[in-house]
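# Close look at the chain arrangement
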Amino acid sequence: MATSLDITVYRPASHSALAEQDLIAAHAVIAEIDRMMSLYRPDSELVLLNAKAGQGPVSVSAPMFEVLQAANSFARRSGGAFDVTVTPLVELWGFYRNDRVVVPPQDAIEEARRRVGMDRLTIDAAARAVALARETAIDLGAIAKGYAVDRAIAELKARDVPAALVDLGGNIGVLGARPDGNPWKIGLQDPRKNGLIGSVSFNAGAVATSGDYDRYFEHDGQRYSHIIDPRTGWPVSGVAATTVIAPTAMAADALSTAGFVLGPEAGLALIASIPGAAGLVVGTDGRVAVQGTGGVTFELR
Ligand code: ADP
Ligand code: MG
């Protein structure tokens, strides 16, 4: 998944050997999801699925099916702002290679956009199979990290770990209550300079952040970031970061990307419609808009 992984397990000091086994088990779960859902591994289930676009239904693994069904639901709820078939546009804009320095011609954008859309992904729940239309491809970059965090947390829970935190590239899930009795607290990175714009505290669930500051290029003084609005075919402008707190890390991951595309008004309205979700959108002008929910506290500087 081309990102960092931090796992923290809390056990009584006398159980430190057990805690080390917990770390290994949680890491293995995430590595397995990566082997299935990465676009950068030539033999991942996702790459093999994409290779069968236009060839009819393909049976998929239970995890792949679960993620694709969730992706379908987030696509619907976001009015198409979240769309895992965005691959041809991400490719055209050069974000898989990270070497593009110019804006593609508008007719190329239109051509790629015709290959994007959730109507090009057919899901057959009874057969646990999916079919991709010709020249369409799936990118799970905005949802699979969250799913992997949920699976790692479930593994730790099954091992009777009392408290833990899993951070996969800014997709953070927690298990149990912090041993010191305080809520979990995550710093909110300033999208434009080193340091924090504040923090968010919560008792359970997950947090994810999408930003325009890690993967982007600049051309003629304009910043083009790796999150693309599938409705226009252009990288999102005007939003610098979104952070979402949700009951699951998969929901937080997908909603942070959806909120990034939708912007403060529609993005926070979407978050407000999801039970247990809260979030914040930082504009490129530095303005911060917040949507709260019970049990979540934002502190802004
Ligand atoms: P990150 O991968 O940096 O944690 P996100 O979770 O927001 O950030 O996912 C962004 C990635 O998702 C992009 O790099 C791209 O691969 C893919 N993507 C881009 N635009 C969209 C979109 N509108 N809907 C779904 N996935 C997208
Ligand atoms: Mg995301």
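As a reminder, the structure under discussion sits directly above these lines.
Residues numbered from 1 in each chain as written. Chains lettered and ligands numbered in written order. Predicted model: local features only at pLDDT ≥ 70, side-chain atom pairs only at ≥ 80, totals over all residues. Heavy atoms only, no water.

## A closer look at empty space enclosed by the protein
Counting across every chain of the model gives one cavity of 30 Å³ or more. What the largest cavity holds in volume is close to 50 Å³. What lines the largest cavity is Leu188, Gln189, Ile197, Thr209, Tyr213, Ala241, Thr242, Thr243, Leu280 and Val282. The biggest single contributor to the lining of the largest cavity is strand S14 (residues 239-246), with three residues. Looking at side-chain class alone, the lining of the largest cavity contains six nonpolar, four polar and no charged residues. (1 Å grid on protein atoms, 1.4 Å probe; cavity = no way out; pocket = protein on both sides within 12 Å on 5 of 7 lines; lining within 4 Å. Points joined across faces, edges and corners; volume = space filled by probe spheres on them. Helix = DSSP H or I, 4+ residues; strand = E, 2+ residues; numbered from the N terminus. Nonpolar A, V, L, I, M, F, W, Y, C, P; charged D, E, K, R; others polar.)

## Structural notes on the packing of aromatic side chains
All chains considered together, the criterion is met by seven aromatic pairs. When the ring of Phe95 is compared with that of Phe217, the centres are 5.9 Å apart and the planes differ by 35 degrees; the resulting orientation is tilted. Placement of the pair is Phe95 in the loop between helix H4 (87-92) and helix H5 (106-113) and Phe217 in strand S10 (residues 216-219), with a sequence separation of 122 residues. Judged by its relative accessible area of 9%, Phe217 falls in the buried class. (Phe/Tyr/Trp six-rings, centres within 6.5 Å; stacked < 30°, edge-to-face > 60°. Buried < 20%, exposed > 50% of the residue type's maximum accessible area, 1.4 Å probe, protein only.)

## A few points about the coordination of the magnesium ion (ligand 2)
Taken together, Asp253 (O), Asp253 (OD) and Thr257 (OG1) make up the full set of protein donors to the magnesium ion (ligand 2), lying 2.1 to 2.3 Å away. Highlighted residues: Asp253 and Thr257, both in helix H7 (residues 249-272), separated by four residues, approximately one helical turn. Of the residues examined, Asp253 reaches a relative accessible area of 4% and is grouped as buried. The class for Thr257 is buried, based on a relative accessible area of 10%. (Donors = N, O, S within 2.8 Å, 3.2 Å for Na, K, Ca; no water.)

## Notes on the pairing of strand S3 (residues 121-124)
Side chains on a regular strand alternate between the two faces of the sheet. Direction of pairing for S3 relative to strand S4 (residues 129-132): antiparallel, over a ladder of four bridges. By the bridge assignment, Thr122 is partnered in S4 with Ala131. (Pairing = 2+ DSSP bridges.)

## Considerations on the packing of helix H3 (residues 62-77) against H7
Interaxial distance between H3 and H7 falls to 11 Å at its minimum, and their mutual angle equals 5 degrees. Judged on the interaxial angle alone, H7 and H3 are roughly parallel. For the pair formed by H3 and H7, the contact residues are Val67, Ala70, Phe74 and Arg77 on the first element and Met250, Ala251, Ala254, Leu255 and Leu270 on the second. Partitioning the contact of H3 with H7 into residue classes produces eight nonpolar, no polar and one charged. (Axes fitted to C-alpha atoms, helices over the stretch in contact; angles between N-to-C directions. Parallel < 35°, antiparallel > 145°, perpendicular 65-115°, else oblique. Contact = heavy atoms within 4.5 Å.)

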